[in-house]
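Residue-level structure breakdown
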Amino acid sequence: MKKLVVTSSIIFIVLIFLAFKPISLSKNPKTCKGKIISVSESGIKDVVFGMKDNVNTFYINRGFEYFEEKDLNSLIGKNVVVYYSEGWTPLDPLSRRSKSIEKLEVENTIFFKL
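Rules and cut-offs
Residues numbered from 1 in each chain as written. Predicted model: local features only at pLDDT ≥ 70, side-chain atom pairs only at ≥ 80, totals over all residues. Heavy atoms only, no water. Helix = DSSP H or I, 4+ residues; strand = E, 2+ residues; numbered from the N terminus. Contact = heavy atoms within 4.5 Å. Polar contact = N/O pair within 3.5 Å; in protein donor to acceptor, adjacent residues only side chain to side chain. Pairing = 2+ DSSP bridges. Buried < 20%, exposed > 50% of the residue type's maximum accessible area, 1.4 Å probe, protein only.

With respect to the secondary-structure elements, valine 82 resides in strand E4 (residues 79–85). Separated by 30 residues in the primary sequence, valine 82 and phenylalanine 112 have C-alpha atoms spaced 9.7 Å apart. Once residues within four sequence positions are removed from consideration, valine 82 is found in contact with Lys30, Thr31, Cys32, Met51, Phe58, Ile101, Lys103 and Leu104.

Mapping lysine 103 onto the fold places it in strand E5 (residues 98–106). Here the side chain of lysine 103 touches glutamate 105 through a polar contact of 3.4 Å, side chain to side chain. Apart from the residues within four sequence positions on either side, lysine 103 is in contact with Val81, Val82, Tyr83, Ile110, Phe112 and Lys113.

The pairing of E5 with strand E6 (residues 109–113) spans four bridges and is antiparallel. Residue pairing across strands places glutamate 105 opposite isoleucine 110, the latter belonging to E6.

Across the six residues of strand E2 (residues 46–51), six count as buried, placing the element largely inside the fold. Neither face of E2 is exposed, since Asp46, Val48 and Gly50 on one face and Val47, Phe49 and Met51 on the opposite face are all buried. Looking at chain direction, strand E1 (residues 30–42) and E2 are connected through six bridges and run antiparallel. Residue pairing in the sheet places valine 39 in a bridge with phenylalanine 49 of E2. When E2 meets strand E3 (residues 57–60), the two strands line up antiparallel, connected through four bridges. By the bridge assignment for E3, phenylalanine 49 is matched with phenylalanine 58. Count of turn residues in the E2/E3 antiparallel hairpin: five residues, of which aspartate 53 carries a positive phi of about 55 degrees.

For aspartate 53, which is not a glycine, the phi torsion comes out positive at approximately 55 degrees. With respect to the element layout, aspartate 53 can be found in the loop between E2 and E3. In this structure aspartate 53 comes out as exposed when scored by relative accessible area, which is 78%. Unusually for a residue other than glycine, arginine 62 sits at a positive phi of about 55 degrees. Looking at where arginine 62 falls in the secondary structure, it is placed in the loop between E3 and helix H2 (63–66). Judged by relative accessible area, which is 33%, arginine 62 ranks as partly exposed.

Coordinates in, geometry out; function isn't part of it.
If you want it as structure tokens, here you go:
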């Protein structure tokens, strides 16, 4: 019984550690071009962008702390280039559809950069 409690505790601590793992910048970020069709909030003040004809969502961690909602909503309908890192994120632990934005360009102007 004691062994089970210790093992469970270790697994729990490892999972907590992974949940707060910092997202590192990649040396070669991937890019995606498209039109923003939605802006929403998820997690703790994270900005999540939906793009036309793209199953992935892209997010700025704690983006609502940096930007006003009206400025973010003004991006809807605009063509953007998203630079994102491929890998594990707290919003999508299996790295399937949610991508962390490293840089966001709107009409050849940098809107956001880590």
